[in-house]
Amino acid sequence: MKNSVIIFLVVLFYACAPVGEKNDSLPFIKGVYGNPGTLLDAGYSFDSLGMNAVFVRSISLNQEFYESARQQGCRVFVEFPTLNGKNYLQENPEAWPINEKGEQTPAADWFMGICPTDPGFKAFRTKQLNAILSEFDVDGIFLDYLHWHAQFETTEPILPETCFCNRCTDMFEGQLGHAIPGSGIPEKAAWILDNADDEWRSWRNSILNGWVRDLGELVKQSRPEALLGVFYASWYPADHDSALYRKLGIDVAELANHVDVLSPMLFHRMKGRPVEWVGEYVEWLGELTGGGEGDAPLIWPIVQSHNSPGVVTPEEFRQVMLEGSRHPSSGIMMFSDQSLLQDKEKMEVMKEIYLYEK
Ligand SMILES: [Zn+2]
């Protein structure tokens, strides 16, 4: 009798334990972001550094690198530059984001975004993603630059109002159910911002969610086991006058419903934050999205090892790595391979954590 009660309780415990499939099948992810092939070129091997994953930019992905990463026990996740398009605009100016004055919005520092409703650009990115998926058996695709035109990787963000191109305002009219008063773009933009701000922000968010849904479907159709991740600006909702939602178009709670992995870009120096902010954000994100349990997305932060702005010392790098690895995080990586190669002490810090602490 006693044994059957114990067995019953054990079965009940496991039946009720909120552990999702994604958690069951994955170890703690220990990655490097960027062009990790540079580590191999410098004579390192991924397995000897304790790595079990690479997060490689699409542009740096090739067959030789892919094979090497696999042979050295790494999962291969590919960064996909969703709405970053400076080169595309040179031959396709119709995709340029338009500001409230009706002008082409200037580049935001080094970043140049694309109007997310441009069908030609979406077809262009769709073709690129399909090419990656057909050529490589990837473990996941990580959407990057998934936001309306803006620059957030700085203490002084650049946050223009976009996009008021005719295509965007026509689509928004459809959402509103009536014509937007005004004859030209400046008049229509002014009316929208003064009279339909909530609807405008919601519509902009829905356009980004459409990108996540559509690209996510491509990933799952081609590679059902592959994870869909996203790199995004790790601002709290109220930061910078609610710019994460109002300007970038991102609602993290909503995003969590559409992806397998959330990778907040916890670049503490670029955002003028103390190292403790990294761990605090991870904890907050876990509470918001379900802590990586059950159907909730996994949380794999990317932290800053890069020396600009300021200098991230090896000890500071160690602190942000540990802060970013705190529960409910189930993976970690850093920006980027170059910063490790430029400071061998940071390479040692990473190796120490990956081999002995995680
Ligand atoms: Zn537009």
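Residues numbered from 1 in each chain as written. Predicted model: local features only at pLDDT ≥ 70, side-chain atom pairs only at ≥ 80, totals over all residues.

### Comments concerning unusual backbone geometry
Of note, the amide linkage connecting His327 to Pro328 takes the cis form, showing an omega dihedral of 10°. Here Pro328 lies in the loop between helix H13 (314–324) and strand E9 (331–335). In this structure, Ser336 follows Phe335 across a cis peptide bond, with omega equal to 0°. Looking at where Ser336 falls in the secondary structure, it is placed in the loop between E9 and helix H14 (337–342). In the Ramachandran plot, His240 falls in the positive-phi region, its phi being about 50° despite a non-glycine side chain. Tracing the sequence through the fold places His240 in helix H10 (residues 239–246). (Helix = DSSP H or I, 4+ residues; strand = E, 2+ residues; numbered from the N terminus.)

### With respect to the packing of helix H7 (residues 166–176) against helix H9 (residues 197–222)
Here H7 crosses H9 at 115°, and the two axes come no closer than 11 Å. Regarding the angle of H7 to H9, the classification is roughly perpendicular. For the pair H7 and H9, the crossing hand works out as right-handed. On H9, the residues that touch Phe172, Gln175 and Leu176 of H7 are Glu199, Trp200 and Trp203. (Axes fitted to C-alpha atoms, helices over the stretch in contact; angles between N-to-C directions. Parallel < 35°, antiparallel > 145°, perpendicular 65-115°, else oblique. Left-handed = near helix turned anticlockwise from the far one by under 90°. Contact = placed C-beta atoms within 7 Å.)

### Structural notes on the pairing of strand E5 (residues 227–233)
With seven of seven residues buried, E5 lies mostly within the body of the structure. Relative to E5, strand E4 (residues 140–144) runs parallel, the two sharing four bridges. Directly across from Ile141, in E5, lies its bridge partner Leu228. As paired strands, E5 and strand E6 (residues 261–266) are joined by five bridges and run parallel to one another. Across the sheet, Ala233 pairs through a bridge with Met265, a residue of E6. (Buried ≥ 20, exposed ≤ 12 C-beta atoms within 10 Å, placed from the backbone. Pairing = 2+ DSSP bridges.)

### Quick word on the confidence of the model for the protein
Of all residues in the protein, 93% have pLDDT values of 70 or greater, and the mean over the chain is 94. With pLDDT under 50 throughout, residues 5–21 is counted as low confidence; its partners more than four residues away or in other chains account for seven contacts. (pLDDT = per-residue confidence, 0-100.)

### Brief notes about the domain arrangement of the protein
Domain annotation for the protein reports domain 1 (29–81 + 260–358) and domain 2 (85–133 + 148–234). Taking the mean C-alpha position of each, domain 1 and domain 2 sit 28 Å from one another. Counting only elements with at least two residues in the side of domain 1 that touches domain 2, the list comes to strand E3 (75–81) and E6. It is E6 that provides the largest number of residues to the side of domain 1 that touches domain 2, a total of six residues. (Domains from an automatic or database assignment.)

### Details of the packing of helix H6 (residues 119–135) against H9
In contact at an axis separation of 10 Å, H6 and H9 are set at 20° when each is read in the N-to-C sense. Taken as axis vectors, H6 and H9 run roughly parallel relative to one another. Crossing angle aside, the handedness with which H6 passes H9 is right-handed. Counted together, Thr126, Leu129, Asn130, Leu133 and Ser134 of H6 and Leu215, Leu218, Val219 and Ser222 of H9 form the full contact between these two elements.

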